[in-house]
2 protein chains.
Amino acid sequence: MLFDMTVPQFIKMLHNLDLILDKGAQLATEKKFEVDVLLNSRLTPNQFNLIKQVQIACDTAKLCAARLSGKEAPTHNDSEKTLPELKTRIAETISFLKTITAADFKDAATKHISQPRWEGKYLTGEEYVIHHAVPNIYFHVTTAYSILRHNGVEVGKKDYLGELPFKK
Amino acid sequence: MLFDMTVPQFIKMLHNLDLILDKGAQLATEKKFEVDVLLNSRLTPNQFNLIKQVQIACDTAKLCAARLSGKEAPTHNDSEKTLPELKTRIAETISFLKTITAADFKDAATKHISQPRWEGKYLTGEEYVIHHAVPNIYFHVTTAYSILRHNGVEVGKKDYLGELPFKK
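The rules we used
- Residues numbered from 1 in each chain as written.
- Chains lettered and ligands numbered in written order.
- Predicted model: local features only at pLDDT ≥ 70, side-chain atom pairs only at ≥ 80, totals over all residues.
- Heavy atoms only, no water.
- Helix = DSSP H or I, 4+ residues; strand = E, 2+ residues; numbered from the N terminus.
- Contact = heavy atoms within 4.5 Å.
- Least-squares fit on C-alpha atoms with pLDDT ≥ 70 in both.
- Salt bridge = Lys/Arg side-chain N within 4 Å of Asp/Glu carboxyl O.
- Buried < 20%, exposed > 50% of the residue type's maximum accessible area, 1.4 Å probe, protein only.

As named in an unreviewed UniProt entry, chain A is DUF1993 domain-containing protein, taken from Peredibacter starrii.

Structural data, given as structure tokens:
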């Protein structure tokens, strides 16, 4: 379940985020303004702008998958300035996530996960997913969505949630 | 895991939301404006305001727990207008969630979960949590947070994430 809760769902949410960004570009074309205006928008002066929200969403997914699988994540230096560069960042993150399998997660739940800023403290893999990785990726995808929504981009919950695996 | 991913974490996020609302009230007192101004704020004209974001976050948690445990959820008619009423809504939701145990979730993963608007289609319990309930609660808590943040309320990621169960 830890794998299903993360890797495939993170791929889906980053794909949804990519489509939401496209809707932003569409509005920019229609209304004849620079899409960079949206990329540099933020909800409040001391909150991260749209570019940074996308970068953090990607890193949250990438680092979660790397930490829990033991595989090395590709590095990104957060240099994206344009929409194509940001879409490449999402695509590269999705490509890495697609290399991770459920088998790679066999010991994930009980692993000790830490970060430099946690000063030697750790969470188990399961705790890290429940309390940190999952809340964080949805925070940053939702905040990116909100920045676009706040600026008039016509997106809705279905764009955020994406396809649901319904059965009849 | 399905239980740990939902009930206790939903309790925690609704508690965090309650504290975030308190910070909104604090700002209103300091700056001498009516807190109702915040409650009726929204990020864009055709998006739900703060009151509705809180109501939906509560219902997402409450209905998920009820559907997966088979227990009957208390009903709310979305009549909240004031901050005390909204905090009571959160408190009542948390009280209901606290009646749900991991044992109540023993068949949850394979249950067929549906809603009237899904027109006879269903998701398994696990799919419902991964694809719908979890993304939705974080969407609405984050959007409530963003409405307050957008209006100058000093909240940060730690307020959103709450306590992390660190070990040394």
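**Brief notes about the environment of Ala-133 of chain A**
By secondary structure assignment, the location of Ala-133 of chain A is in helix α5 (residues 125-150). Leave out the neighbours within four places in its chain, and Ala-133 of chain A touches Phe-10, Thr-60, Cys-64 and Tyr-128 of chain A.

**Describing the relation of the copies chain A and chain B**
Mapping chain A onto chain B calls for a rotation angle of 180° and an axial translation of 0.0 Å; the resulting RMSD is 0.0 Å. Viewed as a symmetry operation, the transformation between the two copies matches a two-fold axis. Rotation axis and chain A: the residue whose C-alpha lies nearest the axis is Tyr-138 of chain A, separated from it by 3.0 Å. A high fraction, 100%, of the interface residues of chain A reappear at the interface in chain B, so the copies pair face to face through one surface.

**Observations regarding the pattern of salt bridges**
All told, the structure shown has 22 salt bridges over all chains when counted by the stated rule. Note that Lys-106 of chain A and Asp-107 of chain A form a salt bridge whose closest N and O atoms lie 3.6 Å from each other. Between Asp-59 of chain B and Arg-89 of chain B there is a salt bridge whose closest N-O contact spans 2.9 Å. Of this pair, Asp-59 of chain B sits in helix α4 (residues 50-69) while Arg-89 of chain B sits in helix α5 (residues 83-97); the two residues are 30 residues apart in sequence, bridging distant segments of the chain. Of the two residues, Asp-59 of chain B and Arg-89 of chain B, both sit in the buried class. Salt bridges sharing partners connect three or more residues here, namely Lys-52, Asp-59, Lys-62, Asp-78, Glu-80 and Arg-89 of chain A.

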